[in-house]
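Here is what each chain is made of, one letter per residue.
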Amino acid sequence: MHLLGVGMKTHRWLLVSLLCCPGLVRAAPVHKIVAEFPTKFRTESPSFYFAGVPHTLAGGDFIYMGKGVWAEQQIFKLLDTRTHKLVSLEMPFDKFIAANARRFPRKRDKLFMDYPIRRLLFYEPGAKRAVFVFDHRRDRKSYLAVWHTDGNRIDIAADYTITRKQWMDLKPVFFDAEKQTFYLRQVWGPMGTKPWETAPHQVKLIAMSTNGATETVTQFESQRNLLRYYYVDAPRKRVLFPQYAEKAGKGPKPKGWLVELGNGSKKEFEMPVTAYGGTFSPDGRHIFLYAAQIGQLLKLDAESGRIVRRKKVPKRGFPLGYCGKDRLMLVTHRGVLFFHPKTFKRTAMVPMSAFYEKKTAHVEGSLVVGDKAFLTLWGDVMKVVEFPKGCK
């Protein structure tokens, strides 16, 4: 005999547990899928290229979803995290290139073949600025540019020559609204090395004003490539840059740098491998990290880097963030898990089958923003999940 697909013995255990010991059974928090968006815009016109790993803009008010391809490369697609609506930004990049024909001569019929836009880094409606990167393929240069969205003016902030022996990557870190300053992470690495291999990488933290003036806040050498993920403590204006390392990799243990954005001072900590998720406690005293490859949730002292608590959790996952003031939300391939930040007690879990027609899913590209989970199956569909009654 079965009841709702549950065996008789299991059913009896559940019934006894609910009547006598209700604390043994943890109900999942009430969740609601409030919106769904395709991340493959090839069926629409113009067509769009998914950002792959989306990032937040304007303090979490928007998510960068991708940009147009080919002739539409100057159109950016954003997701408003408050209204759950897609927003398109069109930049006058073609007019900028035409107006600066001496500096940026055209050699091919298609603009994107000469000057491909790499990605949008910042969009700050309050400051009326956006920051993006584009390349000059013939001259092997990358340009950091500021778009004045109020007057549609574009200024070049810096240019970087890419050699055949080195690659360069720029990531948006933080916008300081008080100082009207953008902070970016720049990494130079040797061509031909795999991400998990040890090799010298040059790291810079760059500050850029809203008018495009740049200066180096700090720089250091890392014997490993840095993770594409980094974790910002916005109230205290600092950021943690972990190195990338895998369990089976060779070389020294990975480490990370906790950098003060204002003066560039930094602390060096030992890091776990594949720290794909991370967040700071509200008071800034602790750093929470999710080591995806070994399946561990860790709590570090932000002053010393000492691990003060760890817990075994499911392997393979990505974002970790706060949901409310007293819950951690972790998105893994198996589902969305909730933990108490002090005790690491797991308080609830919503299986991945509640969102997709499969028990596990590759959730790289997913984000935790506020009390919402933005789930995506790596370039398939993004689902916005709310927890109306909290994350208990």
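Procedures and definitions
Every chain is numbered on its own, with residues counted from 1 as its sequence reads. Totals for whole chains, interfaces and linings use all residues, but because this is a predicted model, local features are given only for residues with pLDDT of at least 70 and pairs of side-chain atoms are given and counted only at 80 or more. As a rule here, side-chain values come from all non-hydrogen atoms in the structure, and water together with hydrogens is ignored. Note: two strands are recorded as paired if DSSP finds a minimum of 2 bridges between them. Segments assigned H or I by DSSP are reported as helices when at least four residues long, segments assigned E as strands when at least two residues long, and all are numbered from the N terminus. Whenever a helix is involved, its axis is fitted only over the stretch in contact; in every case the axis is a line through C-alpha atoms, and angles between N-to-C directions fall within 0 to 180 degrees. Between 30 and 60 degrees the pair is tilted, below 30 it is stacked and above 60 it is edge-to-face, where a pair is any two Phe, Tyr or Trp rings, Trp via its six-membered ring, whose centres lie within 6.5 Å. Both a distance and an angle decide whether a charge sits over a ring: NZ of Lys or CZ of Arg must be within 6 Å of the ring centre and within 35 degrees of the ring normal. Nitrogen and oxygen atoms within 3.5 Å of one another constitute a polar contact, given that in protein one can donate a hydrogen and the other can accept it, and given that sequence-neighbouring residues count only through two side-chain atoms. Any two residues whose heavy atoms approach within 4.5 Å are treated as being in contact.

**Student:** What am I meant to see in the sheet that holds strand E10 (residues 141-148) here?
**Tutor:** Strand pairing in a sheet relies on backbone hydrogen bonds, with the paired strands running either antiparallel or parallel. The antiparallel open sheet is built from 4 strands, whose spatial order is E8-E9-E10-E11. Because the sheet does not close on itself, it has two edges, and the strands there are strand E8 (117-124) and strand E11 (153-161). Taken pair by pair, the neighbouring strands of this sheet meet at an average axis angle of 20°, ignoring direction. One ladder, built from 8 bridges, connects E10 with E11; its direction is antiparallel.

**Student:** I tried to follow the packing of aromatic side chains on my own but got confused; where do I start?
**Tutor:** Between two aromatic rings, the relevant description is the distance of the centres plus the angle of the planes. Using the criterion set out here, one finds 23 aromatic pairs in the structure. Taken together, the ring pairs in this structure connect Phe93, Phe96, Phe104, Tyr115, Phe132, Phe134 and Tyr143 into an aromatic cluster. Its guanidinium or amino end placed over the ring of Phe62, Arg82 lies 5.1 Å from that ring's centre, counting from NZ or CZ. Of note, Lys383 hangs over the ring of Tyr356, and the distance from its end group to the ring centre comes to 4.6 Å.

**Student:** Quick question: what am I supposed to make of the side chain of Ser222 here?
**Tutor:** For Ser222, the location among the structural elements is in strand E15 (residues 214-224). Side-chain polar atoms of Ser222 contact the backbone oxygen of Arg224, separated by 2.5 Å. Among residues more than four places away in sequence, those in contact with Ser222 are Ala199, Pro200, His201, Val203, Gln243 and Trp257.

**Student:** How should I be thinking about the side chain of Thr210 in this particular structure?
**Tutor:** By the secondary structure assignment, Thr210 is in the loop between strand E14 (198-209) and E15. In this view, Thr210 contacts Arg129, Val146, His148, Phe175, Gln180 and Phe182; residues no more than four positions away in its chain are not counted.

**Student:** How do you make sense of the sheet that holds strand E26 (residues 335-339) when you look at a structure like this?
**Tutor:** A sheet is described by the order of its strands in space; here 4 strands give the open sequence E24-E25-E26-E27, paired in antiparallel fashion. The open sheet is flanked by strand E24 (317-322) and strand E27 (346-351), the only strands paired with a single partner. With direction set aside, neighbouring strand axes in the sheet form an average angle of 15°. Alignment of E24 against strand E25 (residues 328-332), held across 4 bridges, turns out to be antiparallel. Bridging across to E25, Gly321 finds its partner in Met329.

By themselves, these observations are geometric and do not establish any function.
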